[in-house]
Amino acid sequence: MSQTIETHPILRRPALICGSMIAAVLALVLASPFLPSARDGVVPVPLAQRDLFFSDRADGGVVITEARSGQQVAVLQPGEGGFVRGTLRSLVRERKREEIGSAIPFRLTAWHTGQVTLEDQATGRRLDLTGFGQTNAEAFVRFLPNKE
């Protein structure tokens, strides 16, 4: 018994996957009015938060400093911290495009949901670092204060 192209199981799989993705997006859109948000008085509470400056050294290193105390948090040696460097490079590029200096710190936040965000307080741009994978988010989490 021969199968036609339309009924062949391998050729039907992409349609099934596409249909499932459409259904998932539709479910999210329909459910979004019922999800808690800041509009509803539910304000997300951070687990840990720190305002940081990132400055380049002449040797290619990056110094991470707490904005409030001026205390050095960490140093990325030349060639270290590729994800941290790439992320900051994109945010700094946007600051330069908008002619904003480096006087305003970045805000790193770990949320009770497990999400980790990096916000450029100068431009308002916020990156969900967990969207890049847990390992990449952890590259930034080490700059947060330790909570017992």
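What counts as what
Residues numbered from 1 in each chain as written. Predicted model: local features only at pLDDT ≥ 70, side-chain atom pairs only at ≥ 80, totals over all residues. Heavy atoms only, no water. Axes fitted to C-alpha atoms, helices over the stretch in contact; angles between N-to-C directions. Helix = DSSP H or I, 4+ residues; strand = E, 2+ residues; numbered from the N terminus. Parallel < 35°, antiparallel > 145°, perpendicular 65-115°, else oblique. Contact = heavy atoms within 4.5 Å. Nonpolar A, V, L, I, M, F, W, Y, C, P; charged D, E, K, R; others polar. Buried < 20%, exposed > 50% of the residue type's maximum accessible area, 1.4 Å probe, protein only. Arc of directions from axis to C-beta. Salt bridge = Lys/Arg side-chain N within 4 Å of Asp/Glu carboxyl O. Pairing = 2+ DSSP bridges.

(A) Local environment of the packing of helix H2 (residues 82-97) against helix H3 (residues 134-141). At a closest axis distance of 9 Å, the pairing of H2 and H3 adopts a crossing angle of 80°. One element, H2, and the other, H3, form an angle in the roughly perpendicular class. On H3, the residues touching Phe83, Val84 and Thr87 of H2 are Asn136, Ala139 and Phe140. Residues that form the contact of H2 with H3 fall into these classes: four nonpolar, two polar and no charged.

(B) Structural detail: H3. All buried positions along H3 are accounted for by Ala137, Ala139 and Phe140. Seen end-on, H3 carries its buried residues on one side only, within an arc spanning 145°.

(C) Looking closely at the pattern of salt bridges. Tallying each qualifying case throughout the model produces six salt bridges. One salt bridge connects Glu66 with Arg50, and the closest N-O pair in it is separated by 3.2 Å. Of this pair, Glu66 sits in strand S2 (residues 62-66) while Arg50 sits in strand S1 (residues 46-56), placing them 16 residues apart in sequence. Arg50 shares its class with Glu66; the two are buried.

(D) Molecular detail of the sheet that holds strand S6 (residues 126-128). Taken in spatial order, the six strands of this open sheet run S3-S2-S1-S4-S5-S6, and their pairing is antiparallel. Of all the strands in the sheet, the pair left with one neighbour each is strand S3 (72-76) and S6. Neighbouring strand axes in the sheet, compared pairwise and without regard to direction, differ in orientation by 25° on average. Pairing of S1 with strand S4 (residues 106-111) involves six bridges; the strand directions are antiparallel. Directly across from Leu52, in S4, lies its bridge partner Phe106. Sitting on the sheet, H2 touches S1, S2, S3, S4, strand S5 (116-120) and S6, and the angle it makes with S5 is about 30°.

(E) Summary view of the pairing of S2. Among the five residues in S2, five count as buried, and that is most of the element. Residues Val62, Ile64 and Glu66 of S2 are buried on one face, and the alternating residues Val63 and Thr65, pointing to the opposite face, are buried as well. What sits between the antiparallel neighbours S1 and S2 is a turn of five residues, in which Gly60 has the positive phi angle 100°. Relative to S3, S2 runs antiparallel, the two being bridged by four bridges. Bridge pairing links Thr65 to Gln72 in S3. In this antiparallel pair of consecutive strands, S2 and S3, the connection spans five residues, and Gly70 shows a positive phi of 80°.

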